[in-house]
Amino acid sequence: YGFDDGEDYPRPDRIRRHGIQLFRPLGLVGDSRWGLILTVVLYILFFAYSMTMETKAANKVSVYKRTENGQFVKNVVCSYWVAGRCNRNPCRFAHSESPPSQPKKSPHLASEDYRYGYRPNTIVRYPKYNGQKNAPVERAGSSGIIAQRAQQNVSECKGARTEVKSSEKTQQKLCKYWVTGNCVQGDNCKFLHSWFCGNGFSMLTRLEGHNKDVTGIALPPGSDKLFSGSKDKSVRVWDCNTGQCAGVVNLDGESQALITEGPWVFVGLPNVIKAWNIQSESEVTLNGPAGQVFTMVVGNDMLFAGTEDGSILVWKFSSETIYPELAASLKGHNSTVLSLVVGANRLYSGSIDRTIRMWDLDTLQCMQTLNGHTDVVTSVLCWDSFLLSGSLDNTIKVWAATESGNLKVVYEHNEESGILALCGINDAEAKPILISSCNDDIVRLHDLPSFAERGRIFAKRQVRTIQIGTGGLFFTGDGTGQLSVWKLLGEPSAGLHERSFSL
């Protein structure tokens, strides 16, 4: 009532006329004063309602709206304000030709970054200079000092920023898109773009050649050749001087174990062990295993081999032996033997049956069966006077001898996934480091005895073999067939091997 096309507010004379027509049937209007009173009341109600709706509309539709990234977008500018005739306050349209200047929000303070551990107090802000802005500005009496200090501050801030990003990214996981070469985030990616993180070690090179799991690595002392065995039914010989493959030995079956002792290199195959003497270039075949040979170790002039049927075969052997002789078969495990280690005149064996057995090297008798793991025992390792064992139950157990001579668990370290292999090495200060590979494709380095994590090595697939070299070198082989060469920093020169692998 009282609105014409194109008019925003009702006219009083129109309201009065329509109001009289509205209230006439009630018998309250005519030419009496009641018609005028009701007309005024109606006008007031309409005006109040109109102003209320205007206010709500102005509050609901602000002049500038926020977008998702916190920026402002401009609405329609009021045409009456442009003509200088707008008397509305507030007006639902913009009374400005440009949005108010807003401080630009740092991308590092976005809520998404909080989820990845970034905090405002860890961000170092510095100006970005382009083109001629890097050039020193000479002013009277300044002699370029201002420009030099500005440039120095920029460099320091960039360094500080790099350190902050590096320290935070060490806690992140490996970027799966970077591994496949498809990450488009670059330095802005929240995940790690490196095959390792931590201090005190570095990667020297990668050796490509195998196309299946690397299961054994051996570096004979005094030799310039590195040997690697794989499930691809081959043993590769690598030249340490060039880092190139110098030869390939094709096998009749998958290699699951490879070790070296003196001039001998032993390869564990299904139902047989192949042995090569790299000095005399002779080859020996050791028969006797029932099923696949998964692990081997030499100790007390004997060669021990853990087999698929749970037995441990023993050959009399020394570095001068021309032909090893089968001496015994140790029975006790009821499933496959996966790991063997010799220490303190004892042989320790880990098995799929979730037990560890301790054997006397003089009598070849089982002295104790260690029960403690709830899943497959994949690796055993002697360290000082302790025995360390890794299992698929996600634990590394530390065993120590009691007064009676039996072993018991004195410490248990929990990992994020199952343990596949354990290996030990000393750093430049003779401090022991435990290297453990896990089911999550990560190799972890821990200081002993604290088990403080020193760093991580990332692989494309599970690392099932770790081998120690000389001069701080160590090697890892993963499920893709890739063999990586690593070195602890601060170690003395390793001569030929270090010079070659650092190329």
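Residues numbered from 1 in each chain as written. Predicted model: local features only at pLDDT ≥ 70, side-chain atom pairs only at ≥ 80, totals over all residues. Heavy atoms only, no water.

The chain has the name C3H1-type domain-containing protein in an unreviewed UniProt entry, where Escallonia rubra is given as its organism.

### A word on the overall build of the chain
Check the secondary structure of the chain and you find seven helices and 29 strands. Evaluated residue by residue, the chain yields a buried proportion of 41% over its 503 residues. Looking at the chain alone, contacts between residues at least 24 apart form 39% of all its contacts between residues at least 6 apart. Summed over all atoms, the accessible surface of the chain reaches about 27,400 Å², with 50% contributed by carbon and sulfur. (Helix = DSSP H or I, 4+ residues; strand = E, 2+ residues; numbered from the N terminus. Buried < 20%, exposed > 50% of the residue type's maximum accessible area, 1.4 Å probe, protein only. Contact = heavy atoms within 4.5 Å. Areas by Shrake-Rupley, 256 points an atom, 1.4 Å probe, with all protein chains shown as cover.)

### Description of the packing of aromatic side chains
Tallied over the full model, the rule gives seven aromatic pairs. Members of the aromatic cluster, connected to one another through ring pairs, are F196, F201, F474 and W486. In this structure, R206 packs its charged tip against the face of W195, placed 4.8 Å from the ring centre. (Phe/Tyr/Trp six-rings, centres within 6.5 Å; stacked < 30°, edge-to-face > 60°. Lys NZ or Arg CZ within 6 Å of the ring centre and 35° of its normal.)

### Some remarks on the UniProt feature "transmembrane region" (unreviewed entry) in the chain
As recorded in UniProt, the sites labelled "transmembrane region" (unreviewed entry) are residues 34-52. Within residues 34-52, the helical portion is 100% and the strand portion 0%, while the C-alpha atoms at the span's ends are 27 Å from each other. (UniProt positions renumbered as here; feature names shortened; annotations may be inferred.)

### Let's talk about the sheet that holds strand β26 (residues 452-458)
If you walk across this open sheet you meet the five strands as β3-β26-β25-β24-β23, and the pairing is antiparallel. Across the chains shown, the open sheet's two edge strands, defined by having one partner strand only, are β3 (196-198) and β23 (419-426). Averaged over all neighbouring strand pairs, the angle between strand axes comes to 20°, with direction disregarded. (Pairing = 2+ DSSP bridges. Axes fitted to C-alpha atoms, helices over the stretch in contact; angles between N-to-C directions.)

### Considerations on the sheet that holds strand β18 (residues 366-371)
Taken together, four strands build an open sheet; the order of strands is β15-β16-β17-β18 and the sheet is antiparallel. Taken across any chain shown, the strands that pair with only one partner, and hence form the sheet edges, are β15 (337-343) and β18. Looking at each pair of strands side by side, their axes are set apart by 20° on average, direction ignored. Relative to β18, strand β17 (residues 355-360) is paired through five bridges, and the arrangement is antiparallel. The residue of β18 that forms the bridge with R357 is T369.

### Notes on the pairing of strand β16 (residues 346-351)
Most of β16 is tucked away, with five of its six residues classed as buried. Across six bridges, the pairing between β15 and β16 is antiparallel. Within β16, the position partnered with G343 by the bridge is R346. The loop that links β15 with its antiparallel partner β16 comprises two residues; one of these, A344, has a positive phi angle of about 55°.

### A short note on the pattern of salt bridges
Side-chain pairing between opposite charges can occur once the charged atoms of the two side chains come close. The tally for this structure, following the rule as stated, stands at 13 salt bridges. Here E283 makes a salt bridge to K274, at a shortest N to O gap of 3.5 Å. Judged by its relative accessible area of 18%, K274 falls in the buried class. Between E429 and K431 there is a salt bridge; the shortest N-O distance is 3.2 Å. In this structure K431 comes out as partly exposed when scored by relative accessible area, which is 45%. Taken together, the shared-partner salt bridges in this structure form one network comprising E415, E416, D440, R444, E453 and R456. (Salt bridge = Lys/Arg side-chain N within 4 Å of Asp/Glu carboxyl O.)

### Here we look at the side chain of R236
Looking at the element boundaries, R236 is found in strand β7 (residues 234-239). For the buried residue R236, which engages in no salt bridge, the nearest side chain bearing the opposite charge is D232, 5.1 Å off. In this structure the side chain of R236 is engaged in a polar contact, spanning 3.3 Å, whose partner is the backbone oxygen of G209. Contacts of R236, omitting those with residues within four sequence positions, involve G209, H210, L226, F227, S228, C245, G247 and V248. (Lys, Arg positive; Asp, Glu negative; His and termini not counted. Polar contact = N/O pair within 3.5 Å; in protein donor to acceptor, adjacent residues only side chain to side chain.)

### Focus on a nonpolar patch on the surface
A cluster of nonpolar residues, L36, V40, Y43, I44, F47 and M51, forms a patch on the protein surface that exposes about 530 Å² of accessible area. A residue is classified by how much of its surface remains accessible, and M51, at 33% relative accessible area, is partly exposed. (Patch = residues over 30% accessible without salt bridge, like charges linked within 9 Å, V, L, I, M, F, W, Y side chains within 5 Å.)

### What to know about the confidence of the model for the chain
The predicted model of the chain averages 76 in pLDDT, with 70% of residues at 70 or higher. Overall, residues 1-9 carries pLDDT values under 50, and its contacts beyond four positions in sequence, including any with other chains, amount to 18 contacts. Predicted confidence is poor over residues 492-503, with pLDDT under 50, and the contacts of this stretch with residues over four places away or in other chains come to 29 contacts. (pLDDT = per-residue confidence, 0-100.)

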